[in-house]
Amino acid sequence: MHEDWGLLATEIKSARKARGMTQKELAAAADIGFSTLQRLEAGQPFTTWPPSLDRVARVFGWTPESPRLILDGGSPVLASARSVDNVSRSRDLPARVEQALAEGDLVDTEVLELPGGLNVVIVGRAVGPRSAEERAELADALQEWARAQRKLKGLADEA
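What you are looking at is a predicted structure, and each value in this text was computed from that prediction instead of being measured.

A word on helix α4 (residues 51–60). When α4 is considered as a whole, its buried residues turn out to be S52, L53, D54, V56, A57 and F60. Positive backbone phi, approximately 80°, marks G61, located one or two places after α4.

This next bit is on a negative patch on the surface. On the surface, E133, E134, E137 and D140 cluster together to form a negatively charged patch. Mapped onto the elements, E133 comes out in helix α8 (residues 132–158). Look at E133 and you get exposed, because its relative accessible area is 57%.

A few words now on the pattern of salt bridges. Taken as a whole, this structure holds three salt bridges when the rule is applied. The closest approach of N and O atoms between E41 and R16, which form a salt bridge, is 2.6 Å. With a gap of 25 residues between them, E41 in helix α3 (residues 34–42) and R16 in helix α1 (residues 5–18) connect regions that are remote in the sequence. Taken individually, E41 and R16 each receive the classification buried, so the pair is uniform in this respect.

A few words now on the packing of aromatic side chains. Scanning all chains against the criterion turns up two aromatic pairs. Ring geometry for W5 and F46: centres 5.6 Å apart, planes at 40°, overall tilted. Remark: F46 occurs in the loop between α3 and α4 and W5 occurs in helix α1; sequence separation between them is 41 residues. One exposure class covers both W5 and F46, and it is buried.

What counts and how
Residues numbered from 1 in each chain as written. Predicted model: local features only at pLDDT ≥ 70, side-chain atom pairs only at ≥ 80, totals over all residues. Heavy atoms only, no water. Buried < 20%, exposed > 50% of the residue type's maximum accessible area, 1.4 Å probe, protein only. Helix = DSSP H or I, 4+ residues; strand = E, 2+ residues; numbered from the N terminus. Patch = residues over 30% accessible without salt bridge, like charges linked within 9 Å, V, L, I, M, F, W, Y side chains within 5 Å. Areas by Shrake-Rupley, 256 points an atom, 1.4 Å probe, with all protein chains shown as cover. Salt bridge = Lys/Arg side-chain N within 4 Å of Asp/Glu carboxyl O. Lys, Arg positive; Asp, Glu negative; His and termini not counted. Charge placed at Lys NZ, Arg CZ, Asp CG, Glu CD. Phe/Tyr/Trp six-rings, centres within 6.5 Å; stacked < 30°, edge-to-face > 60°.

Pasting the structure below:
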């Protein structure tokens with residue numbers, strides 16, 4: 001599926017302007033680099049999922065999957081628009097999974113739709129304090145995840 005980075009850029013700019021924020025203010029609020037925000041608002045595509053999108057989504061009050069929905073031609077979803085039952089953990093998840101879903105910073109999410117109505121949900125969270133070395137390891141892990149993600153999407157498309 002084609003990713004519409006131009007549509008994402010338009011949505012980010014519109015949301016920022018609707019809140020009366022400058023690019024510098026949004027970059028600071030999202031704790032991302034100014035040049036990264038400029039690239040997002042210019043609609044320049046990324047080859048791997050930029051964690052900055054998750055941070056921007058949080059500032060706007062969007063659900064974590066909103067940037068992906070926009071890239072796929074949809075619209076952002078406000079987190080407050082979803083019921084607490086839909087956002088909170090399912091009652092059929094083991095306690096250790098509920099705990100893992102609640103800990104750390106959201107890094108990435110993916111929903112793979114398989115035949116027969118089966119969805120595989122993957123949530124990546126970075127847990128704990130990060131030194132410069134740990135941040136570098138996380139960056140390497142995210143690059144590896146992007147490669148695995150492409151393979152998983154290919155498998156889901158083949159199924």
